[in-house]
Amino acid sequence: MKNIFYQLKRYKCISPYLLQTNQPRQPQSAPIGIFDSGVGGIGVLKELYQQLPGETFVYFADTARLPYGTKSQAEIVQFVHQVLTWMEKQVVKMAIVACNTATAAMIDRVAFEYNFPIIGMIEPSANTVINGGSKRIGVIATLHTVNSNAYLNTIHKIDPSVLVFQLAAPALVPLIEYGNIDDIYTFEVVRQYLEPLIRQDIDTLILGCTHYPHLIHLFRKILGTSVQIVDPAIAVVSAAAQELQRLGRLSDRPARCTSFYVSRNPEEFAKRVRRFLGFTPIVQHFCLQEESITVHHESVA
Ligand code: DGL
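This one's a predicted model, so the numbers in the text were calculated from it and none came from an experiment.

Caption draft 1: Looking closely at the pattern of salt bridges. Scanning the entire structure with this criterion turns up nine salt bridges. Across the pair Glu188 and Arg191 runs a salt bridge, and its minimum N-O distance is 2.5 Å. Of this pair, Glu188 and Arg191 both sit in helix H9 (residues 184-199), three residues apart, which is roughly one turn of that helix. According to the relative accessible area criterion, Arg191 is partly exposed, its value standing at 29%. Between Glu268 and Arg272 there is a salt bridge; the shortest N-O distance is 3.3 Å. Placement of the pair is Glu268 and Arg272 together in helix H12 (residues 266-277), with a separation of four residues, close to one helical turn. One network of salt bridges, with partners in common, ties together Glu177, Glu268 and Arg272.

Caption draft 2: Fine view of the sheet that holds strand E7 (residues 163-168). Across the sheet, four strands lie side by side as E7-E6-E8-E9; this open sheet has parallel pairing. For this open sheet the edge positions go to E7 and strand E9 (228-230), each flanked by a neighbour on one side alone. For this sheet, the mean angle separating the axes of adjacent strands, direction not counted, is 20°. Examined bridge by bridge, strand E6 (residues 136-141) and strand E8 (residues 204-207) share four bridges and lie parallel to one another. When the bridges of E8 are listed, Val139 appears paired with Ile206. Running at roughly 165° to E7, H9 makes contact with E6, E7 and E8 of the sheet.

Caption draft 3: How the structure looks around the packing of helix H5 (residues 122-131) against helix H7 (residues 150-158). Direction vectors running N to C along H5 and H7 enclose 50°, while the axes themselves pass 9 Å from each other. Judged on the interaxial angle alone, H7 and H5 are oblique. The chirality of how H5 crosses H7 is right-handed. Contacts between H5 and H7 involve Ile122, Glu123, Ser125, Ala126, Asn127 and Ile130 on the former and, on the latter, Ala150, Tyr151, Thr154, Ile155 and Ile158. Class assignment of the residues belonging to the contact of H5 with H7 gives a composition of seven nonpolar, three polar and one charged.

Caption draft 4: Highlighting the pairing of strand E3 (residues 57-61). Counting buried positions along E3 gives five out of five residues, so the element sits mostly inside the fold. Residues Phe57, Tyr59 and Ala61 point to one face of E3 and Val58 and Phe60 to the other, with burial holding for every one of them. As judged from the five bridges shared by strand E2 (residues 32-36) and E3, these two strands associate in the parallel manner. Residue Asp36 lies in a different strand from E3, and its bridge partner there is Ala61. Assessed by its sense of winding, the connection that carries the chain from E2 through helix H2 (residues 41-51) to E3 is right-handed. With four bridges joining them, E3 and strand E10 (residues 259-262) adopt parallel strand pairing. Paired with Val58 across the strands is Ser259, a residue of E10.

Caption draft 5: Examining the packing of aromatic side chains more closely. The tally for this structure, following the rule as stated, stands at nine aromatic pairs. The interplanar angle of 40° and the centroid separation of 5.7 Å between the aromatic rings of Tyr114 and Phe116 together place this pair among those described as tilted. Among the aromatic residues, ring-to-ring pairing joins Phe60, Trp86, Tyr261 and Phe286 into one connected group. Taking the ring centre of Phe187 as reference, the NZ or CZ of Lys221 above it sits at 5.4 Å. Lying over the aromatic face of Tyr178, Arg272 brings its terminal NZ or CZ to 4.8 Å of the ring centre.

Caption draft 6: Molecular detail of the site of the ligand. The immediate surroundings of the ligand are formed by 13 residues, with Ser37, Tyr68, Asn100, Thr101 and His211 found nearest. Here Thr101 contributes a side-chain N or O atom positioned 2.6 Å from an oxygen atom of the ligand. Within the side chain of His211, a nitrogen or oxygen atom sits 2.8 Å from a nitrogen atom of the ligand. The fraction of the free accessible surface of the ligand (300 Å²) that becomes covered by protein chains is 99%. For the shell around the ligand, a count of residues per class yields five nonpolar, seven polar and one charged.

What counts, and where the lines are drawn
- Counting restarts for each chain, with residues numbered from 1 along the sequence as it is written.
- Only residues with pLDDT of 70 or above have their local features reported here, since the model is predicted, and side-chain atom pairs are shown and tallied only from 80 upward, although totals for entire chains, interfaces and linings are computed over all residues.
- Side-chain figures throughout are based on the complete set of non-hydrogen atoms in the structure, without hydrogens or water.
- Criterion for a salt bridge: a side-chain nitrogen of Lys or Arg within 4 Å of a carboxyl oxygen of Asp or Glu.
- Every helix listed is a DSSP run of H or I at least four residues long, and every strand listed is a run of E at least two residues long, numbered separately from the N terminus.
- Each residue gets one of three labels from its accessible area relative to the maximum for its type: buried under 20%, exposed over 50%, partly exposed in between, using a 1.4 Å probe on protein chains only.
- Following DSSP output, two strands are said to pair if at least two bridges run between them.
- Fitting a line to C-alpha atoms yields each axis, with helices limited to the stretch in contact; the angle taken between N-to-C directions then spans 0 to 180 degrees.
- Note on definitions: a residue-residue contact is assigned when non-hydrogen atoms from the two residues lie within 4.5 Å.
- Throughout, the term roughly parallel applies to angles under 35 degrees, roughly antiparallel to angles over 145, roughly perpendicular to angles from 65 to 115, and oblique to all others.
- Here a crossing is called left-handed whenever its near helix is offset anticlockwise from the far helix by less than a right angle, and right-handed whenever the offset is clockwise.
- Under the convention adopted here, Pro, Cys and the residues Ala, Val, Leu, Ile, Met, Phe, Trp and Tyr are nonpolar, Asp, Glu, Lys and Arg are charged, and Gly plus all remaining residues are polar.
- Orient the strands so they point away from the viewer; a crossover is then right-handed if the path from the first strand over the helix to the second runs clockwise.
- Only Phe, Tyr and Trp rings take part, Trp by its six-membered ring, and two of them pair if their centres are within 6.5 Å. Stacked means planes under 30 degrees apart, edge-to-face means over 60, and tilted covers everything else.
- Two conditions define a charge located above a ring, namely a distance within 6 Å from the ring centre to NZ of Lys or CZ of Arg, and an angle within 35 degrees of the ring normal.
- Nearness is judged by heavy atoms alone; a residue qualifies as near a molecule or strand once a single heavy atom is within 4 Å of it.
- What qualifies as a polar contact is a pair of N or O atoms within 3.5 Å, subject to a donor-acceptor requirement within protein and to the restriction that residues adjacent in sequence count only when both atoms come from side chains.
- All accessible areas in this document rest on Shrake-Rupley with a 1.4 Å probe, and a residue is counted as covered only by the protein chains that are shown.

Laid out in structure tokens, this is it:
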């Protein structure tokens with residue numbers, strides 16, 4: 001009990017973006033862990049390459065259990081614990097939960113269980129839109145994220161006067177995972193989803209699922225320039241960079257290649273992310289239950 005209070009006291013003194021932190025034990029050159037159910041976190045990884053070029057990353061995609069957005073709270077919390085426990089074994093110095101659904105499900109549950117800081121997707125972007133003066137905010141996200149009201153509650157904690165319109169778009173994650181990024185069918189699905197938000201005259205749209213920025217060109221085409229489209233990755237990575245700086249934990253060694261792991265079908269994942277990364281990564285298979293790793297795919301750009 002005493003320990004919990006001590007940690008809560010620590011928590012109040014640290015950045016509001018952190019889901020938790022304990023005393024760091026890992027070397028400064030240790031990797032940063034990033035995870036998502038699939039290709040969504042790749043956008044966050046690309047932003048990390050931009051803002052933190054000196055760091056090394058480990059990316060995990062839980063492709064065996066995708067999509068997370070339609071799973072129960074209990075299932076998602078269990079998945080997140082499994083992934084973070086695995087990341088702890090990888091000796092990461094920070095974890096970025098590059099999945100809004102996982103962030104929404106675990107935000108109050110995972111605190112203080114790991115010995116590295118954990119950053120979620122929601123709070124940094126909520127702060128960004130409020131500071132930017134948005135008043136009528138649309139949030140498009142998975143079913144779980146919308147039902148959790150995580151964005152609504154976080155935004156209203158900062159400014160209760162802002163109007164928030166939430167919309168679940170469960171059809172988009174499978175379309176993006178299968179690479180249907182540019183086709184007319186996907187455009188039409190996005191257009192139909194956006195109709196109720198357009199009717200609400202939103203001034204800002206938060207892409208509240210890390211998969212959706214892969215369709216940002218379609219969102220722009222449909223919404224035009226009068227609606228600000230926010231990809232939370234930018235604010236999340238900036239929060240991570242500030243936190244590493246503040247903790248004196250920025251890498252002191254040259255960056256190493258990113259390690260990619262998936263829980264199913266590494267060859268397919270390597271093919272899918274090529275279009276986003278611009279190179280074909282080496283992807284290893286990792287089964288969270290069995291804790292075994294096999295390299296299934298090896299090719300480079
Ligand atoms: N990319 C994840 C998110 O940000 C969810 C995708 C899924 O449903 O698995 O919410």
